[in-house]
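Read off the chains here:
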Amino acid sequence: MTKILLEDLTKIYEGGTVALEDFNLEIESGAFISLLGPSGCGKTTTLKLIAGLLDPTKGRILFDGEDVTYTLPQQRGVGLVFQDYAVFPHMTGYENISYGLKVRKLSKKEIRDRVIEVANLLEIGDILDKKPREMNISELQRVSLARTLVIKPKVLLLDEPLSNLDASLRVRTRIELKKLQRILKQTIIYVTHDQVEALTLSDKVAVMSMGKLQQYDTPKNIFLKPKNKFVAGFIGSPPMNLIPCSVIQKDESLMMDANTFKIDVTELKDVLNDYVNKEVTIGIRPQDITPSLKGGIFKAKVYSVEHIGMENIITAKADDIMIKSIAQKDFIPNLDEELWFKFEINKLYIFDKEGERIWRS
Amino acid sequence: MKRVSLEKPKIGIHLYVILILVLIIAIFPIYWLTITSFKPKAEWIASPPYWFPNSPTLIDYYVLFFSDPSATAQVGAAFIAFKPATKSFLDSAIVAGLGTALAVFAGMLAAFAVSRHGFGGNTFLVLVLMLRMAPPIVAVIPLIVFYSFIGFTDTYHGLLLVYATFSMPYAVWIIKGLIDEVPRELEESARLDGLTPLQAHFKVTWPLIRGGVLATALFLLILNWSEYLFALMLTRGNVITLPVQMTIYQTYAGVLYGPQAALAILAVIPLVIFGIVIRRFLARGLTFGAVKG
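Residues numbered from 1 in each chain as written. Chains lettered and ligands numbered in written order. Predicted model: local features only at pLDDT ≥ 70, side-chain atom pairs only at ≥ 80, totals over all residues. Heavy atoms only, no water.

A look at the domain arrangement of chain B
All names here are of chain B.
Line of reasoning, step 1. Per the domain assignment, the segments making up chain B are domain 1 (13–80) and domain 2 (85–287).
Line of reasoning, step 2. For domain 1 versus domain 2, the distance between C-alpha centres works out to 31 Å.
Line of reasoning, step 3. Residue-level contacts link 16 residues of domain 1 with 18 residues of domain 2.
Line of reasoning, step 4. Buried surface at the junction of domain 1 and domain 2, summed over both partners, amounts to about 1400 Å²; 80% is from carbon and sulfur atoms.
Line of reasoning, step 5. Summed over the shared surface of domain 1 and domain 2, the result is 0 salt bridges.
Line of reasoning, step 6. Linking domain 1 with domain 2 are 1 residue pair in polar contact (both at pLDDT 80 or more).
Line of reasoning, step 7. At 5 residues, helix H3 (residues 59–65) tops the list of elements feeding residues into the side of domain 1 that touches domain 2.
Line of reasoning, step 8. Per-class residue counts for the side of domain 1 that touches domain 2 are 11 nonpolar, 4 polar and 1 charged. (Domains from an automatic or database assignment. Contact = heavy atoms within 4.5 Å. Buried area = accessible area lost by both parts, 1.4 Å probe. Salt bridge = Lys/Arg side-chain N within 4 Å of Asp/Glu carboxyl O. Polar contact = N/O pair within 3.5 Å; in protein donor to acceptor, adjacent residues only side chain to side chain. Helix = DSSP H or I, 4+ residues; strand = E, 2+ residues; numbered from the N terminus. Nonpolar A, V, L, I, M, F, W, Y, C, P; charged D, E, K, R; others polar.)

What about the pattern of salt bridges?
Between side chains of opposite charge, a pair can form when the charged atoms approach closely.
Line of reasoning, step 1. In the structure shown here, the tally under the stated rule is 18 salt bridges over all chains.
Line of reasoning, step 2. A salt bridge links Lys-58 of chain A to Asp-22 of chain A; the shortest N-O distance between them is 2.9 Å. In this pair, Lys-58 of chain A sits in strand E4 (residues 58–63) while Asp-22 of chain A sits in strand E2 (residues 18–27), placing the two residues 36 residues apart along the sequence.
Line of reasoning, step 3. Lys-176 of chain B is the partner of Asp-180 of chain B in a salt bridge, and the nearest nitrogen-oxygen pair spans 2.6 Å. Residue Asp-180 of chain B and its partner Lys-176 of chain B are located together in helix H8 (residues 156–181), separated by 4 residues, close to a single helical turn.
Line of reasoning, step 4. Here Lys-176 of chain B falls in the buried class, since its relative accessible area comes to 19%.
Line of reasoning, step 5. Where salt bridges share partners, they join Glu-7, Arg-60 and Asp-67 of chain A into one cluster. (Buried < 20%, exposed > 50% of the residue type's maximum accessible area, 1.4 Å probe, protein only.)

Notes on the sheet that holds strand E8 (residues 187–192) of chain A
Residue and element names in this part refer to chain A.
Line of reasoning, step 1. Read across the sheet, 6 strands follow the order E6-E7-E8-E3-E9-E10 without closing on themselves; strand pairing throughout is mixed. Two strands close off the open sheet at either side, each with one partner strand: strand E6 (78–81) and strand E10 (212–217). Mean inter-strand twist for the sheet, computed between neighbouring axes without regard to direction, equals 15°.
Line of reasoning, step 2. The sheet contact formed by strand E9 (residues 204–209) and E10 spans 5 bridges and is antiparallel. Paired with Met-208 across the strands is Leu-213, a residue of E10.
Line of reasoning, step 3. Along the sheet face, helix H4 (residues 137–149) touches E6 and strand E7 (155–159) and points at about 175° away from the line of E6. (Pairing = 2+ DSSP bridges. Axes fitted to C-alpha atoms, helices over the stretch in contact; angles between N-to-C directions.)

Quick notes on the pairing of strand E21 (residues 357–360) of chain A
Residues and elements named next belong to chain A.
Line of reasoning, step 1. In terms of strand pairing, strand E20 (residues 349–351) meets E21 through 3 bridges, oriented antiparallel. In the sheet register, Phe-351 faces E21, and the bridge partner there is Arg-357.
Line of reasoning, step 2. Turn length for the E20-E21 hairpin, with the two strands adjacent in sequence and antiparallel, is 5 residues, and the turn residue Gly-355 shows positive phi of about 100°.

Overview of the sheet that holds strand E17 (residues 311–318) of chain A
In sheet architecture, strand pairing relies on hydrogen bonds along the backbone and comes in two forms, parallel and antiparallel.
Residues and elements named next belong to chain A.
Line of reasoning, step 1. Strand order in the open sheet formed by 5 strands is E15-E19-E16-E17-E18, with antiparallel pairing between adjacent strands. Where the open sheet ends on each side, the last strands, each with one partner, are strand E15 (290–292) and strand E18 (321–328). Strand-to-strand twist of the sheet, defined as the mean angle between neighbouring strand axes without regard to direction, takes the value 45°.
Line of reasoning, step 2. Inspection of the sheet shows strand E16 (residues 298–308) paired to E17 by 7 bridges, in the antiparallel sense. Counted as the bridge partner of His-307 is Asn-312 from E17.

A closer look at the interface of chain B and chain A
Line of reasoning, step 1. Residue-level contacts link 22 residues of chain B with 26 residues of chain A.
Line of reasoning, step 2. Summed over both sides, the interface of chain B with chain A buries roughly 2300 Å², with 60% coming from carbon and sulfur.
Line of reasoning, step 3. Applying the counting rule to chain B against chain A returns 2 salt bridges.
Line of reasoning, step 4. Where Asp-193 of chain B meets Arg-147 of chain A, a salt bridge forms, and the shortest distance between an N and an O atom there is 2.8 Å.
Line of reasoning, step 5. Applying the counting rule to chain B against chain A returns 5 residue pairs in polar contact (both at pLDDT 80 or more).
Line of reasoning, step 6. Within the residue set of the side of chain B that touches chain A, elements represented by two or more residues are helix H9 (184–192) and helix H10 (197–225) of chain B.
Line of reasoning, step 7. Top element by residues in the side of chain B that touches chain A is H9 of chain B. It accounts for 7 residues.
Line of reasoning, step 8. The residue inventory of the side of chain B that touches chain A, partitioned by class, reads 11 nonpolar, 5 polar and 6 charged.

Some thoughts on the environment of His-117 of chain B
Residue and element names in this part refer to chain B.
Line of reasoning, step 1. Checked against the element boundaries, His-117 lands in helix H5 (residues 86–117).
Line of reasoning, step 2. Assessed through its relative accessible area of 49%, His-117 is described here as partly exposed.
Line of reasoning, step 3. Separated by 61 residues in the primary sequence, His-117 and Leu-178 place their C-alpha atoms 15 Å from one another.
Line of reasoning, step 4. Leave out the neighbours within four places in its chain, and His-117 touches Phe-112, Pro-197 and His-201.
Line of reasoning, step 5. Polar side-chain contacts of His-117 include one of 2.9 Å to the side chain of His-201.

Structure follows, in structure tokens:
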């Protein structure tokens, strides 16, 4: 149970690549949080900084108020499960799991007891004599996790642990991880680029992009109240439609002009008064756009239809913008057919030119 | 697309014929060396040649180790006292063996520095290789002058250092490649377990690259074992390596092909033994237990 505080953490690699910039994060004791973002956003760098495998260029890392920024990795009480497992290929499962305890010079008996305890927890008692090359991917992963858990780390770091598993195994392991956290009650930091994993597993999600924290909030708020255009476009499947518009005033009414269509937003006058004649971006989730054969806000040509079980994702093209919408499974338009699309004003998200959200209902 | 057959390809008889021909061509020089070493002087360069020693003898081996005038007379060099070859085996073992060991050890440390700690970037690696870009003869003359100043001429450490220096670039390059293949995460994982970076190199990465490093050592040992130029120019009789010993059988009374062949056969044996000893480490096939996503 450790509370982690990251203060203005910055990491610039040799050669000038800025991997992380002024990163601030407060992780409650015992919380399960995710670092979510596209490749190269600085997630793994953050993890390695917390583990002590990298030194930050600037900033501090505090564990329970104690500055550990330059403390050696083994003195931090941190366990890290690597994406590619990092199981030692020349050692058996048992030797792998016991390695950390051996380095810490525990007695043979204690090592044995702890290895067996963790092996039972992860149900790998029967593969302890196997060498890694004889293990399947799920076993490798469990050994990797066991290696880390056996040293009883205060903080558990997981670097995309599910990314090498196939779909069904991934779902199963996800459920087991969730269960494991209830048993261990540890502070867990989970790195992933998969939003489903992040949203389902964690108490809080930190969405990252280009080495910067975009939003740190509960999964629900991340989805419903995205702080900016990046988070809005990154979370949700299919992603939110983002359409550039300009706000124009006509007499008493306020209009949003997206070239292809205009919508009356007079009711949002209080919010948009400062944005008249300025560029904004509107966001609308595909779930909130309804395609129909007649009547709606704008017309667009069907570009593709994807069947996903109970629903169809319809992508349509109007001038130079692509709109994704979701229709019932029996609504199957032809390609290039002209459809009407409609949505309600109160489902809109509006972002300013810098990408910050200025309005949602 | 061509279908890939899972069946074992059938090797036709014609392929065997070709393989056997290639084998004969490859083995013939060794065969010739072997039979020459058992031939008496009259058969060494007889025409037509003897394809097998007509009257096999061990005299060629005998004269290598014993300065017995009656024996040297039999190989046609009655009045020449040859230095016994025993010393040259010992000298070669010291100079080539330690030189190689030094090159591999220092090269491995450098390879870790480059591969794991980003030392010197690519510039360093190219600089290291540049040491080998000029022909060695370029270095010999200044080395002779320099060595005579510091008293390194004709000493074990003098020649050994030259061997280490000139084989190290290979060691750095080959071993760096081996280290690059081992996922960095293995060491990072060990760091979290409490190992220092240096311990992680030697306790985690070393067992995984051992086979490759030993193969590198064998490769460099072969180069250094048969090195002639530096040995010839930097020694004068205090240190005699095998290739230099080989030349003393080119006498005013003619070239003693038999003893030369005998020495060559004996000189190969230590390398073969070393190769057999390290063979069990050479088996590759460790997948490093890591799976790339």
